[in-house]
There are 2 protein chains.
Amino acid sequence: MMNAPDSDDTARRPVRADRDDLLGSGSAPGRERADAARNRQRVLDAATELFASGDPRAVTMEQIARAAGVGRATLYRRYPDVASIATALLDDHERDLQQRLLCGRPPLGPGAPPAERLAAFFAAMVDLLECFGFLLLARETGPARYAAGAYDFWRVHVAALLREAGVDGAGPRADLLLGAVDPELYRHQRTRLTPAQITAHLDWLAREVLA
Amino acid sequence: MMNAPDSDDTARRPVRADRDDLLGSGSAPGRERADAARNRQRVLDAATELFASGDPRAVTMEQIARAAGVGRATLYRRYPDVASIATALLDDHERDLQQRLLCGRPPLGPGAPPAERLAAFFAAMVDLLECFGFLLLARETGPARYAAGAYDFWRVHVAALLREAGVDGAGPRADLLLGAVDPELYRHQRTRLTPAQITAHLDWLAREVLA
DNA sequence: GATCAAGTGGTCATGATGTCCACTTAGGAC
DNA sequence: GTCCTAAGTGGACATCATGACCACTTGATC
């Protein structure tokens, strides 16, 4: 599962922005209490476990609370719904990919031709989907894919590549291309194909579109 | 309330195939009872109304039963869940498009080059999404898009076009292209673009891929 | 009109949701 | 070391959807 139960960097870094508001209120020490940090970790571990086994979209707040050994109100205090828990778990991994897109080495980062970079982005997306697809599916309960902040980032990135290649209407066309890496679609394809095969097909799409 | 309790043409045409099974069982008269037909129509009307107003995925069996003025058990007798009601409502329209793909006039039907036919299919899909997108979204509660029988049809069709154009791995690549007409994605794009604009972008995709 | 089964709707047990409130406890102040 | 305060916690509650069960009603056939 997740490693390092004692790595308090995850506890120290607020997962939701509303923590910052709370920090501002206290006089001196807005620090997170030890028991709160412990329970937060329990919740995240239990949620990871639940998401990974079975249908991620069928996981309920009640199940997570029970598995983590905390009351439901404790859960609702920090996370309004299941999707936000999945988002918290995804945060690090998505930001990592975003960093590599912005200033990593080519072909993922700047420096390679657009077609190469798009293909590399697709490949990285397959990695993300393969490792954390269950989290991405868990997040898509209700408001869905396009409400998440990460989507906008992928969209801007792909649109920039299209624009760089001289394609008109980069924004909407980026949406169309991102449809190819929809978590639900990936799950569907994954029943028949290996990640490498899916990557190869996405590679074809990237090069065909940015000929 | 609803009009025309005597309009039995809608009552006579079975919406789901399972009616045929019931017809075959009785000795002489497997006919649907008049009150059953009336209630069926009420349910379908009420469901259409509910799906169209507000979030189609938030509609519950309870709401439909109440709006239709029937008990919940009456609803469950014919439809196991909300998705199956949406499927029943979509049936005719999807079959109509399927017919036009198989034996309609070009460029939708046979006779035109693959790129043209793919573009025409995308355009027809936009029409379907525009008129009945709320039903398509309503169907995607839980088991989702790929469980519906219609998806396989679109997949086979697009794969055949790819194969005709000499593309390898037609099946999986058809999946990728169909990601561009995902109902959820369409809804998202529709907040910024007109159907005509979306069609134009899909046209670009079709011609770029089947260059 | 009598009969029978299909059709109908109320009821029940179950489980999830989100909120509220009284209690506990961590961590700084003195 | 003890006291205090507020953050943190968890049980309880009201609400709602689910899906199944069962007794009653009604339509179609004889």
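Residues numbered from 1 in each chain as written. Chains lettered and ligands numbered in written order. Predicted model: local features only at pLDDT ≥ 70, side-chain atom pairs only at ≥ 80, totals over all residues. Heavy atoms only, no water.

Digging into helix H8 (residues 149–164) of chain A
As a reminder of what qualifies: Only DSSP runs of H or I reaching four residues or more are called helices, and only runs of E reaching two or more are called strands; each is numbered from the N terminus. By this rule, a helix spans an expected 1.5 Å times one less than how many residues it contains. When accessible area is computed with a 1.4 Å probe and restricted to protein chains, residues below 20% of their type maximum are described as buried, those above 50% as exposed, and intermediate ones as partly exposed. Whether two residues are in contact is decided by their heavy atoms, any of which lying within 4.5 Å being enough.
Between the first and last C-alpha of H8(A) there are 23 Å, a value that for 16 residues agrees with the 22 Å anticipated at 1.5 Å per step. Within H8(A) the residues assigned to the buried category are Ala150(A), Tyr151(A), Trp154(A), Arg155(A), His157(A), Val158(A), Ala159(A), Leu161(A) and Leu162(A). In this structure, the buried residues of H8(A) make contact with helix H6 (82–103), helix H7 (114–139), helix H9 (170–178) and helix H11 (195–209) of chain A together with helix H10 (183–190) and helix H11 (195–209) of chain B. At the C-terminal side of H8(A), Gly166(A) shows a positive phi close to 80 degrees.

Regarding the protein's contact with DNA strand C
In plain terms, the rule: Definition of nearness: a residue and a molecule or strand are near each other if at least one heavy atom of the residue lies within 4 Å of the molecule or strand. Side-chain atoms alone can form a polar contact between residues adjacent in sequence; in general such a contact is a pair of N or O atoms within 3.5 Å, and within protein one must be able to donate a hydrogen while the other accepts it.
Close contacts around DNA strand C come from 22 residues, with Ala34(A), Arg72(A), Arg33(B), Asn39(B) and Arg77(B) the closest. Sugar and phosphate atoms form 58% of the subset of DNA strand C atoms that lie within 4 Å of the protein. Measuring from a phosphate oxygen of DNA strand C, one finds a backbone N or O atom of Gly71(B) at 3.0 Å. Mapped onto the surface near DNA strand C, the elements with two or more residues apiece are helix H3 (34–52), helix H4 (61–68) and helix H5 (72–78) of chain A together with helix H3 (34–52) and helix H5 (72–78) of chain B. Considering each element in turn, the surface near DNA strand C owes the most residues, 5 residues, to H5(B).

Re the protein's contact with DNA strand D
Defined as follows: Ten residues, namely Ala, Val, Leu, Ile, Met, Phe, Trp, Tyr, Cys and Pro, are considered nonpolar, four, namely Asp, Glu, Lys and Arg, are considered charged, and the remaining ones, Gly among them, are considered polar.
As a structural note, the neighbourhood of DNA strand D is formed by 23 residues, with Arg33(A), Asn39(A), Gly71(A), Arg77(A) and Arg72(B) the closest of them. When atoms of DNA strand D within 4 Å of the protein are sorted by moiety, sugar and phosphate together comprise 61%. Here a phosphate oxygen of DNA strand D sits 3.0 Å away from a polar atom, N or O, in the side chain of Thr74(A). The side chain of Arg72(B) places a nitrogen or oxygen atom 2.5 Å from a base oxygen of DNA strand D. Residue assignment for the surface near DNA strand D shows that the elements contributing at least two residues are H3 and H5 of chain A together with H3, helix H4 (61–68) and H5 of chain B. Its residues assigned to classes, the surface near DNA strand D comprises 8 nonpolar, 5 polar and 10 charged.

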